[in-house]
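# Architecture at a glance
Listed below, chain by chain, are the residues.
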Amino acid sequence: MMKLWLTLFTTLFSLCLAAQQTTEAASGENLLARHYSVGQRLHYQMRATNEERGKKIEYQIQAEVEVKRNSDGFFEEFAWSNLMVNGAPRPLSAGSQSFRQVLSLEPNRSVGIPDLSKVDPILIGSITDTLTFYSDIMIVHAKGPLSRNNPHFFFQHGVPASWADGRYVILGQSSIDFDVTLSAVNEQGHFAVVTVKHVPPKTTQATLPAEWMKPPVADTANNWVQVIKQGESKYVASVGKETFLAEIQLSLDDGRILTATLENPVIVRERQCADAALTQCGEPESYTIRRHIELTSRQ
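Described in the following lines is the structure provided in the data block.

Quick notes on the rules
- Residues numbered from 1 in each chain as written.
- Predicted model: local features only at pLDDT ≥ 70, side-chain atom pairs only at ≥ 80, totals over all residues.
- Heavy atoms only, no water.
- Helix = DSSP H or I, 4+ residues; strand = E, 2+ residues; numbered from the N terminus.
- Buried < 20%, exposed > 50% of the residue type's maximum accessible area, 1.4 Å probe, protein only.
- Contact = heavy atoms within 4.5 Å.
- Areas by Shrake-Rupley, 256 points an atom, 1.4 Å probe, with all protein chains shown as cover.
- Phe/Tyr/Trp six-rings, centres within 6.5 Å; stacked < 30°, edge-to-face > 60°.
- Lys NZ or Arg CZ within 6 Å of the ring centre and 35° of its normal.
- Pairing = 2+ DSSP bridges.
- Disulfide = S-S within 2.5 Å.
- Polar contact = N/O pair within 3.5 Å; in protein donor to acceptor, adjacent residues only side chain to side chain.
- Expected span 1.5 Å × (residues − 1).
- Salt bridge = Lys/Arg side-chain N within 4 Å of Asp/Glu carboxyl O.

### Description of the overall build of the chain
- A count of helical and extended segments in the chain gives three helices and 15 strands.
- The 299 residues of the chain split such that 51% are buried.
- For the chain, the share of sequence-separated contacts (at least 6 apart) that also reach a separation of at least 24 residues comes to 64%.
- Of the accessible surface of the chain, which amounts to about 13900 Å², a share of 48% is contributed by carbon and sulfur atoms.

Right under this line is the structure:
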């Protein structure tokens, strides 16, 4: 699942920067604005399921969050603990225990890429999935505000984000747009629900180097591609359709995230190739990767 986490991470970071640089946000009061108070403590539990080629991994983990402030403004500091994998406790390394994830829902806050080199690989999913939820709401703040009178916007982005490292991953790109809707406002319950769909653009901007990669794997243009080098003359080339569906419940009192869910399927066509041009390839293998994530506030 590392390739999915890296896709998500690089894509959302670039989109956060694009959203923060937007100067065309509508004027007016932001119904969903985050109101911070230094010292506020939040508690979350994340549950996740990853399924790929008949293998299923389930995990859950807790996050303790404290609101802090520095010269750049308010931020939320996450500390992760109590990891369970397939029902069994999984001790975290010292690096993971000391890791602190910094996130913020302030509209102009710049959230940097965390250093993931010292955390356990299985923790990367929790870190980047949480980044997904916060990034989506940062885009809502930058492109909105959403309201009952203006409950929807479409953010055409499409510019591919890359997770290629040049040695192992020769090519890795994902191209997405955002379809955002204010799905519900419950004043009695003091919450609102935002639905964010990460969808393939009508015309993909992802690089598809071989002709066999261009026919759609599903019902849209292919927006996800990856080529991995294995040895001197062996390449694993994959192409497909990747989408995300996030539903995020926000407090109307202070704008904090109450609950969030994420559905992340990838429909893949994959071939084993013997040349860098990806023309000498075996028969294609098709499969679907499915990820389901739940983030819940604990009192």
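### Description of the packing of aromatic side chains
- Under the counting rule described, the total for this entry stands at five aromatic pairs.
- A ring pair is formed by Phe 78 and Tyr 134, whose centres lie 5.8 Å apart and whose planes are at 85 degrees; its orientation type is edge-to-face. Of the two residues, Phe 78 sits in strand β3 (residues 73–85) while Tyr 134 sits in helix α3 (residues 121–143), which places them 56 residues apart along the sequence. Both residues of the pair, Phe 78 and Tyr 134, count as buried.
- Each member of the aromatic cluster is reached from another via a ring pair, and the members are Tyr 44, Phe 78, Trp 80 and Tyr 134.
- Against the face of Tyr 287 rests Arg 53, its NZ or CZ located 3.9 Å from the ring centre.
- In this arrangement the basic side chain of Arg 271 is found over the ring face of Trp 212, its NZ or CZ atom lying 5.0 Å from the centre.

### With respect to the pairing of strand β13 (residues 244–251)
- Sheet analysis places strand β10 (residues 191–199) next to β13, joined by eight bridges and oriented antiparallel. Considered in β13, the bridge of His 198 is made with Phe 244.
- Hairpin connection between β13 and strand β14 (residues 257–273): a loop of five residues separates the two successive antiparallel strands, and Gly 255 in this loop has a positive phi of roughly 80 degrees.

### A look at the state of the cysteines
- With the rule as written, the count across this model stands at one disulfide.
- Residue pairing for Cys 273: its cysteine sulfur links by disulfide to Cys 281, the two sulfurs lying 2.1 Å apart. Disulfide Cys 273-Cys 281: the torsion about the S-S bond is 100 degrees, which places it as right-handed. Per residue, the accessibility class of Cys 273 equals that of Cys 281, and both read buried.

### Focus on the side chain of Glu 77
- Structurally, Glu 77 is set in strand β3.
- Polar contacts involving the side chain of Glu 77 include one to the side chain of Lys 68, which spans 2.8 Å.
- Discounting chain neighbours no more than four positions away, the residues touching Glu 77 are Glu 64, Val 65, Glu 66, Lys 68, Arg 100 and Gln 101.

### Side note on α3
- The end-to-end C-alpha distance of α3, which contains 23 residues, comes to 33 Å, matching closely the 33 Å that a straight helix rising 1.5 Å per residue would cover.
- Counting buried residues in α3 gives 21 out of 23 residues, a clear majority hidden from the surface.

### Re the pairing of strand β12 (residues 235–242)
- The element β12 is extensively covered by neighbouring structure, given that eight of its eight residues are classed as buried.
- Of the two faces of β12, the one holding Tyr 235, Ala 237, Val 239 and Lys 241 and the one holding Val 236, Ser 238, Gly 240 and Glu 242 are both buried throughout.
- In this structure, strand β11 (residues 224–229) lies alongside β12, joined through six bridges in antiparallel fashion. By the bridge assignment for β12, Val 225 is matched with Val 239.
- Connecting the antiparallel pair β11 and β12 is a turn made up of five residues, with Gly 231 showing a positive phi of about 85 degrees.
- Inspection of the sheet shows β12 paired to β14 by eight bridges, in the antiparallel sense. Its bridge partner lying in β14, Val 236 is registered against Gln 272.

### Topic: the pattern of salt bridges
- If you walk through the whole model with that rule in mind, you get 13 salt bridges.
- Glu 270 is the partner of Arg 53 in a salt bridge, and the nearest nitrogen-oxygen pair spans 2.7 Å. One end of the pair, Arg 53, is in the loop between β1 (41–52) and β2 (55–70); the other, Glu 270, is in strand β14, and 217 residues separate them in sequence.
- Here Glu 270 falls in the buried class, since its relative accessible area comes to 8%.
- A salt bridge links Glu 211 to Lys 214; the shortest N-O distance between them is 2.9 Å.

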